[in-house]
Amino acid sequence: MRKQKKLKTVVVDFSGPNIAKEMHVGHLRSTIIGDCICRMLELAGHKVIRQNHIGDWGTQFGKVILGLWHMCMAEKKHGSKLYYITELKELKTYAENKEKLKAICQRICERHEKDWEEDFTDNERGNGKKYFGPFLDELNDPEKRDKSELWDKITILYQYVNLLEESLAPFQLMIPSRKKKKFYKDGEEPFDCISIPYESLSRHITAMLQNIDDPDNVQEKRAWKLIRKISIKYCQEIYKRLNVKLKLKDIRVRVITEKENV
């Protein structure tokens, strides 16, 4: 390719995976085409700025955070009985059997409510500090937990929550959760305990991420940062295998304010 006389600075936006989910063939197309365009422009002498606008605020985050909570309950409360793997198979097996499916969903709902009611300290119902908070500490501690194992578990947990919500839709089952009050006085509990449709729980968690810097959403923020970090590492491994020149510095949408060792 001949060098151009008038060189330009060119911004190329490509790939754009929704993290917290596996990349798919649709991302392959935009990634390869984008990388080819960048290489041709650079060969012609232009300055190329690569941009990778990742999707890191979607409902998939609520589903994966909820999935991590299930992982916590399975490992820390139920003696490493990974119920979500067994129940994922059950939900698939009985998808067309409405009576059996309702019984499975009812059982899951009842266990979930019991686990949620027991996961708190300091008389703050539903604060997640008995099990989920320490579990996040463990996941973030490299001496206690190997993060290389987490990506495969995250994909299974996402599938579990996603299929569970689809299965729950016809049955109108309710689950307790917390909702931040709009107004409260100093010393008052800032949350109301409410009942919401079980199939909307992950969207309820996603809504909390819209106010991620609220001190009362610290667990959701920590879980979001962990999932984001693991997901970006997974994406970078895919790019490396494809020999695509997308680096951490090319990520856009949300500024990484802390140096992340991914």
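Scroll up to find the structure.
Residues numbered from 1 in each chain as written. Predicted model: local features only at pLDDT ≥ 70, side-chain atom pairs only at ≥ 80, totals over all residues. Heavy atoms only, no water.

1. A closer look at helix 2 (residues 59-77)
Okay, step 1: For helix 2, built from 19 residues, the straight-helix expectation of 27 Å at 1.5 Å per residue is met to within 8% by its first-to-last C-alpha distance of 26 Å.
Okay, step 2: Extensive coverage of helix 2 is indicated by the burial of 16 of its 19 residues.
Okay, step 3: Downstream of helix 2 by a residue or two, glycine 79 has a phi angle that is positive, lying close to 65 degrees. (Helix = DSSP H or I, 4+ residues; strand = E, 2+ residues; numbered from the N terminus. Expected span 1.5 Å × (residues − 1). Buried < 20%, exposed > 50% of the residue type's maximum accessible area, 1.4 Å probe, protein only.)

2. Here we look at the layout of surface pockets
Unfilled space is identified by rolling a water-sized probe across the atoms.
Okay, step 1: Volume-wise, the largest pocket comes out at about 530 Å³.
Okay, step 2: Gly126, Asn127, Arg178, Gln219 and Glu220 are the residues nearest the centre of the largest pocket, which is lined by 28 residues in total.
Okay, step 3: Of all the secondary-structure elements, those providing two or more residues to the lining of the largest pocket are helix 2, helix 4 (98-118), strand 3 (174-180), helix 7 (201-209) and helix 8 (218-242).
Okay, step 4: For the lining of the largest pocket, the leading source of residues is helix 7, giving four residues.
Okay, step 5: Taken together, the residues of the lining of the largest pocket sort by class into 13 nonpolar, eight polar and seven charged. (1 Å grid on protein atoms, 1.4 Å probe; cavity = no way out; pocket = protein on both sides within 12 Å on 5 of 7 lines; lining within 4 Å. Points joined across faces, edges and corners; volume = space filled by probe spheres on them. Nonpolar A, V, L, I, M, F, W, Y, C, P; charged D, E, K, R; others polar.)

3. Here's the deal with empty space enclosed by the protein
Okay, step 1: Counted according to the given criterion, the structure contains one cavity of 30 Å³ or more.
Okay, step 2: Volume-wise, the largest cavity comes out at about 30 Å³.
Okay, step 3: Along its surface, the largest cavity is lined by Leu66, His70, Val161, Leu164, Glu165, Tyr198 and Leu201.
Okay, step 4: Contributing elements (two or more residues each) for the lining of the largest cavity: helix 2 and helix 6 (150-168).
Okay, step 5: Top contributing element to the lining of the largest cavity by residue count: helix 6, with three residues.
Okay, step 6: In terms of residue class, the lining of the largest cavity is made up of five nonpolar, one polar and one charged.

4. Observations concerning the sheet that holds strand 1 (residues 9-13)
Okay, step 1: Taken in spatial order, the three strands line up as 1-2-5 in an open sheet, and their pairing is parallel. Strands at the two margins of the open sheet, each flanked by one partner only, are strand 1 and strand 5 (251-252).
Okay, step 2: In this sheet, strand 5 lies alongside strand 2 (residues 47-53) in parallel orientation, the contact comprising two bridges. Bridge assignment links histidine 53 to a residue of strand 5, and that residue is arginine 252.
Okay, step 3: With respect to the sheet, helix 1 (residues 25-43) is in contact with strand 1 and strand 2, its orientation differing from that of strand 2 by roughly 165 degrees. (Pairing = 2+ DSSP bridges. Contact = heavy atoms within 4.5 Å. Axes fitted to C-alpha atoms, helices over the stretch in contact; angles between N-to-C directions.)

5. Topic: the nonpolar core
Okay, step 1: The biggest cluster of nonpolar side chains holds 64 residues, and the ones touching the most others in it are Leu68, Leu91, Cys105, Tyr160, Leu164 and Tyr198.
Okay, step 2: Those elements that provide at least two residues to this core are helix 2, helix 3 (83-93), helix 4, helix 5 (132-140), helix 6, helix 7 and helix 8.
Okay, step 3: Those residues in contact with leucine 91 that sit more than four places away from it in its chain are Leu101, Ile104, Cys105, Tyr160, Leu163, Leu164 and Ser167. (Core = buried A, V, L, I, M, F, W, Y, C linked by side-chain atoms within 4.5 Å.)

6. Brief notes about a nonpolar patch on the surface
Okay, step 1: A contiguous nonpolar surface patch, about 330 Å² in accessible area, is contributed by Val25, Leu28, Ile32 and Leu242.
Okay, step 2: For the nonpolar patch, the element with the most residues is helix 1, which contributes three residues.
Okay, step 3: Of note, leucine 242 is situated in helix 8.
Okay, step 4: The partly exposed category is assigned to leucine 242, whose relative accessible area is 34%. (Patch = residues over 30% accessible without salt bridge, like charges linked within 9 Å, V, L, I, M, F, W, Y side chains within 5 Å. Areas by Shrake-Rupley, 256 points an atom, 1.4 Å probe, with all protein chains shown as cover. Salt bridge = Lys/Arg side-chain N within 4 Å of Asp/Glu carboxyl O.)

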